[in-house]
Amino acid sequence: MYKTTSSSLLRAASSRSPLLSSRSSLTQSSASASPSPPSSLLGRRSFATSSPAFRSLPRWSHCLHSRPSPFRLSSQIRAVSPGLDRLERNFSSMASEHPFKGIFTTLPKPGGGEFGKFYSLPALNDPRIDKLPYSIRILLESAIRNCDNFQVTKEDVEKIIDWEKTAPKQVEIPFKPARVLLQDFTGVPAVVDLACMRDAMNKLGSDSNKINPLVPVDLVIDHSVQVDVARSENAVQANMELEFQRNKERFAFLKWGSTAFQNMLVVPPGSGIVHQVNLEYLGRVVFNTQGVLYPDSVVGTDSHTTMIDGLGVAGWGVGGIEAEATMLGQPMSMVLPGVVGFKLSGKMRNGVTATDLVLTVTQILRKHGVVGKFVEFYGDGMSGLSLADRATIANMSPEYGATMGFFPVDHVTLQYLKLTGRSDETVAMIEAYLRANNMFVDYNEPQQDRAYSSYLELNLDNVEPCISGPKRPHDRVPLKEMKADWNSCLDSKVGFKGFAIPKEAQEKVANFSFNGKPAEITHGSVVIAAITSCTNTSNPSVMLGAGLVAKKACDLGLQVKPWIKTSLAPGSGVVTKYLLKSGLQEYLNQQGFNIVGYGCTTCIGNSGEINESVGAAITENDIVAAAVLSGNRNFEGRVHPLTRANYLASPPLVVAYALAGTVNIDFETEPIGTGKNGKDVFLRDIWPTTEEIAEVVQSSVLPDMFRATYESITKGNPMWNELSVPENTLYSWDPKSTYIHEPPYFKDMTMEPPGPHSVNDAYCLLNFGDSITTDHISPAGNIQKDSPAAKYLMERGVDRKDFNSYGSRRGNDEIMARGTFANIRIVNKLMNGEVGPKTVHIPSGEKLSVFDAAMRYKSSGEDTIILAGAEYGSGSSRDWAAKGPMLQGVKAVIAKSFERIHRSNLVGMGIIPLCFKSGEDADTLGLTGHERYTIHLPTDISEIRPGQDVTVTTDNGKSFTCTVRFDTEVELAYFNHGGILPYVIRNLSKQ
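Residues numbered from 1 in each chain as written. Predicted model: local features only at pLDDT ≥ 70, side-chain atom pairs only at ≥ 80, totals over all residues. Heavy atoms only, no water.

Undergrad: Before we move on, could you go through the side chain of Arg450 and cite the residues and values that matter?
TA: The residue Arg450 is located in the loop between helix H19 (424–436) and strand S15 (454–459) in this model. Aside from chain neighbours lying at most four places away, what touches Arg450 is Asp130, Lys131, Leu132, Pro133, Tyr134, Arg137, Glu376, Tyr378 and Tyr455. (Helix = DSSP H or I, 4+ residues; strand = E, 2+ residues; numbered from the N terminus. Contact = heavy atoms within 4.5 Å.)

Undergrad: Before we move on, can you summarise the nonpolar core with the specific residues and values?
TA: If you look at the biggest cluster of nonpolar residues, it comprises 280 residues, and the most contacted ones within it are Phe377 and Tyr872. Counting residues per element, this core draws most heavily on helix H11 (residues 184–203), at 10 residues. Leaving out residues up to four positions away in the same chain, Tyr872 has contacts with Phe768, Ile772, Ile777, Phe821, Ile866, Val893, Ala895, Ser897, Phe898, Glu899 and His902. Counting 26 residues, the second-largest nonpolar core is a separate cluster that includes Cys764, Ile935, Leu937 and Val950. (Core = buried A, V, L, I, M, F, W, Y, C linked by side-chain atoms within 4.5 Å. Buried < 20%, exposed > 50% of the residue type's maximum accessible area, 1.4 Å probe, protein only.)

Undergrad: Please set out the packing of helix H23 (residues 573–582) against helix H29 (residues 703–713) residue by residue, giving values where relevant.
TA: Interaxial distance between H23 and H29 falls to 9 Å at its minimum, and their mutual angle equals 135 degrees. Classified by the angle their axes make, H23 and H29 are oblique. Two packed elements cross with a definite hand, and for H23 against H29 that hand is right-handed. Here Gly573, Val574, Lys577, Tyr578 and Lys581 of H23 lie close against H29, whose contacting residues are Met705, Phe706, Ala708, Thr709 and Tyr710. (Axes fitted to C-alpha atoms, helices over the stretch in contact; angles between N-to-C directions. Parallel < 35°, antiparallel > 145°, perpendicular 65-115°, else oblique. Left-handed = near helix turned anticlockwise from the far one by under 90°.)

Undergrad: How would you summarise unusual backbone geometry if you had to cite specific residues and measurements?
TA: At the junction of Gly469 and Pro470, the peptide bond is cis and its omega measures out at 10 degrees in the coordinates. Inspection of the secondary structure puts Pro470 in the loop between strand S16 (466–468) and strand S17 (476–478). Phi at Ala500 takes a positive value of approximately 55 degrees, unusual for a residue other than glycine. Within the element layout of this structure, Ala500 appears in the loop between helix H20 (482–491) and strand S18 (509–514). The exposure class of Ala500 is partly exposed, given its relative accessible area of 38%. Even without a glycine there, the phi angle at Asn515 is positive, about 50 degrees. Secondary-structure assignment places Asn515 in the loop between S18 and strand S19 (517–522).

Undergrad: Kindly report on the environment of Ser488, identifying the contributing residues and their values.
TA: Checked against the element boundaries, Ser488 lands in helix H20. Since its relative accessible area comes to 37%, Ser488 is described here as partly exposed. It is 9.5 Å that separates the C-alpha atoms of Ser488 and Ala500, two residues lying 12 residues apart in sequence.

Undergrad: Describe the sheet that holds strand S33 (residues 949–954), listing the residues and the values that go with them.
TA: Taken in spatial order, the 7 strands close into a barrel running S26-S29-S30-S31-S34-S33-S32, and their pairing is mixed. Sheet twist, expressed as the mean angle between neighbouring strand axes with direction ignored, is 40 degrees. Contacting strand S26 (759–767) and strand S29 (864–867), helix H34 (residues 850–859) crosses the sheet at an angle of about 170 degrees to S26. (Pairing = 2+ DSSP bridges.)

Undergrad: Before we move on, could you go through the environment of Asn350 and cite the residues and values that matter?
TA: Relative to the helices and strands, Asn350 resides in the loop between strand S12 (339–345) and helix H15 (354–368). Spatially, the C-alpha atoms of Asn350 and Ile321 are 45 Å apart, while their sequence positions differ by 29 residues. Among the polar contacts listed, one links the side chain of Asn350 to the backbone nitrogen of Thr690, at a separation of 2.6 Å. (Polar contact = N/O pair within 3.5 Å; in protein donor to acceptor, adjacent residues only side chain to side chain.)

Undergrad: Which residues make up the packing of aromatic side chains, and what values do they have?
TA: Across all of its chains, the model carries 30 aromatic pairs by this definition. In this structure, Arg137 is placed above the aromatic ring of Tyr134, and the distance from its NZ or CZ to the ring centre is 4.4 Å. Positioned above the aromatic ring of Tyr378, the side-chain terminus of Arg450 is 5.8 Å from the ring centre. (Phe/Tyr/Trp six-rings, centres within 6.5 Å; stacked < 30°, edge-to-face > 60°. Lys NZ or Arg CZ within 6 Å of the ring centre and 35° of its normal.)

Undergrad: Describe the packing of helix H22 (residues 540–556) against H23, listing the residues and the values that go with them.
TA: Running from N to C, H22 and H23 cross one another at 45 degrees; their axes reach a closest spacing of 11 Å. Here H22 is positioned oblique relative to H23, judged by the angle of their axes. For the pair H22 and H23, the crossing hand works out as right-handed. Contacts between H22 and H23 involve Pro540, Met543 and Leu544 from the first element and Val575, Tyr578, Leu579 and Ser582 from the second. A breakdown of the residues in the contact of H22 with H23 according to their chemical character gives 6 nonpolar, 1 polar and no charged. (Nonpolar A, V, L, I, M, F, W, Y, C, P; charged D, E, K, R; others polar.)

Undergrad: Before we move on, can you summarise the pattern of salt bridges with the specific residues and values?
TA: Counted by the stated rule, this structure contains 46 salt bridges. Here Arg472 makes a salt bridge to Asp475, at a shortest N to O gap of 3.0 Å. The two residues Arg472 and Asp475 agree in class, both being buried. Between Arg878 and Asp775 there is a salt bridge, with the nearest N and O atoms lying 3.1 Å from each other. Residue Arg878 is located in the loop between S29 and helix H35 (880–887), and its partner Asp775 is located in helix H31 (residues 774–777); the two are separated by 103 residues in the primary sequence. One network of salt bridges, in which partners are shared, links Asp126, Arg128, Glu158 and Asp162. (Salt bridge = Lys/Arg side-chain N within 4 Å of Asp/Glu carboxyl O.)

Undergrad: Tell me what's going on with the pairing of strand S27 (residues 838–841), and back it up with residues and numbers.
TA: Remember that side chains alternate between the two faces of the sheet whenever the strand is regular. Pairing of S27 with strand S28 (residues 846–849) involves 4 bridges; the strand directions are antiparallel. Bridged to His841 within S28 is Glu846. Linking S27 to S28, which pair antiparallel, is a turn of 4 residues; within it Gly845 sits at a positive phi near 80 degrees.

Undergrad: Can you tell me about H15, naming the residues and giving the values?
TA: Under the 1.5 Å per step criterion, the end-to-end length of H15 is 21 Å for 15 residues, consistent within 8% with the ideal 21 Å. Taken residue by residue, H15 has Ala354, Thr355, Asp356, Leu357, Val358, Leu359, Thr360, Val361, Thr362 and Leu365 as its buried positions. Gly369 occupies a position one or two residues after H15 and carries a positive phi of about 90 degrees. (Expected span 1.5 Å × (residues − 1).)

Undergrad: Give me the lowdown on the sheet that holds S15, citing residues and values where you can.
TA: An order of S14-S13-S12-S15 is seen for the 4 strands of this open sheet, with the pairing classed as parallel. The open sheet terminates on both sides in strands that have one partner only, identified here as strand S14 (404–406) and S15. Across the sheet, the axes of successive neighbouring strands diverge by a mean angle of 20 degrees, strand direction being ignored. Summarising the sheet, strand S13 (residues 374–378) and S14 pair through 3 bridges and their orientation is parallel. Paired with Phe374 across the two strands is Met404, which belongs to S14. In the packing of helix H8 (residues 134–145) onto the sheet, the strands contacted are S12, S13 and S14, and the crossing angle to S13 comes to about 125 degrees.

Here it is, written out as structure tokens:
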């Protein structure tokens, strides 16, 4: 049975989420006079529908096509929901009982009337607030608005006000974001978990409908499109058709989720990249909900959620399991962060791009050390940075390690809001609210000094053209040094900056035939050149700059070699519109940069296959081939299995390197190629000036483009609209499905928490060095033909051509458990230099796939642990990098340090994160991984404290001390319950 949209609307409007009657969720609503709309107001949100009446319902306040206000919406729904008036009266009465009701005041409109009411920070008359960083003021406002002396207390508010003194003490605070953002790779497992949680509630005899988002949830499908077809006018349509063929079951599941769960919006495939859609359309900056004004804030299940920080919206990445708890009304427990003040001065030189700037900033902040901190940008240099430039810098916060890279709202922000189609009235409301609450920066007025934990400064005039690589985003290489750096990498031993190619083999030439014509590649030859990723495709300056490089190259007679896989994947349809209007898309097409789709593509490993003859030439001759992409991640094995060298570059430089055909070039002294007149052509001959770019941006990027683009995506597309959606609110699991599978997280779950688990005589499953990323732990790309996941699929009749990627299979725990530690470039010390996804089964001495070894340990009842170096779990906020090890039976990870989100994910899945003491690691302690490990952790949760020391002993008599990285009391509660999701289920079941 399939339901129609109109009946869905009536049911959504007349139903009231059971969670609203619970204590925790009721206090959330009351504390903010409804900080987010009750689910009955927004109903079941989706772009899936074709009903005009449903599409007219407002979702956010910057109505792009005259959507009604929340007040008009309320009057529309009262006809079908008489209880709504009572609900709103409850909100009003509870606001009058608020601990901070004395500062709840009216924001008047200049011409009469009011914008709404808000909690006024200036009304507290506390001079400490005037010195707070702007990013901390957002945390403060949220704590005040949500203060109920239960989930958020007055003591929490005081901790934030006293930030200068409390932040160095690593105090814990709760935070309730205004909304949650998902993409489909992380969104599918999140919806799978929610569906599974409903089943668990059912089995415990509780109301399964308590599992419903209480805050707006936006899910953008952008991670599934692959570059199967490139260099073709038909590439967009062809790749979308293949995307739907591969992912029809996943997409139907997400569409079901948008109707089964309240307050959830799904943006269909082909619409754009999640962070660009968030920046251009979803971002509110200031919410106006039932007349209550408050800052927009968001957590997302993608680490680059931080891009929205460029718009002055506080946002960062979290694990999927943490996001699920946030959806269900749980406050996030976080350590009150330090804030690094980063002063920008001066102005960037002619020809220098925002990409050059962000790679420079990334290197500086990596060196400074900003993990777990906010970075807040300020200074005179801000005036010369466009909003898109700021968003580029904010986007790469994960690469420099910060929780946020925050740009407070100023006049540049307001101009961008108008450019992207937000109404004048909405922009006026945003400015008035932020000014009234001391959250707006006006650089035309004297600036009051703010307190920061530490200070950095960069003169923008010192930024020079650069790229990063070949294996990490923060390994910046000035363009003028690139040739020397490349040759150093060939010489150096295998590592982040080395390939260990013998001198006599460095000049090797691999000859092959391409489409019947002779061709050749050498070490450093570019085989993939991709303009891709949210980092850069949201920035008109660099996108149009790439078009100008292509045009100048065409004019001079240069041409990209045909065997290089070139592609252009914009972050939204707006990019296509301004490239077409400028006339530059024609020249990009001529160089092979045809648009291939609207999604992340090459940046996340969805680069598709390269030509077979090129691939054979690489593998048969052991060539270190290169990819150049305008992305944010270049970890080994991520972009493509055959590109060992991967460089991040601006879109114009991507075109330039494609034209050169190699990264082994000094652009200052060596020509890119020979022009049609027979003369050498250098980079400087095709590089546009800053003025040229500014002129084409001014004439080609128009507000109507944004309005038209986002009006059209609300209508979906034919392939999406044809997907049928079952009516059930409980999901009907298909045991034969290889995409969606019921996970075993809540199997045999009872109402009593299991308590802390001990780790006794555990074997070491893997022994790692530094910088093991979530790509190593849980790859998103191709499923290798000889892997355990491939075997599982083939046993179920799936052809190799239909394997799809690990990322697309994240709704199936069986495949993802087999894909854990399946990265082909993984280096496990137990394998004595052998690279690949294998380990040694210690009892037998056999070399097995990691999954097979883990299952052998698990079947014999043996615990396992992992040893690791520094920065364990860096990279994407991938919850499967914690779920997979848990399903493999891993009980603890002992590392030198953890990436912030991954440590949180491990805690969320019940795995113990432990840190070696400073100056110690497995090597200094003489640990080989062949020992058996016992972690002496108390079995009574009340005897464990955040950050306490524990002793680890081995069966050969070694003993050492580690720090338990449960950082807050709430995380200890999660551990006691076996993870965050069982904790949430038990709490909701009791309400």
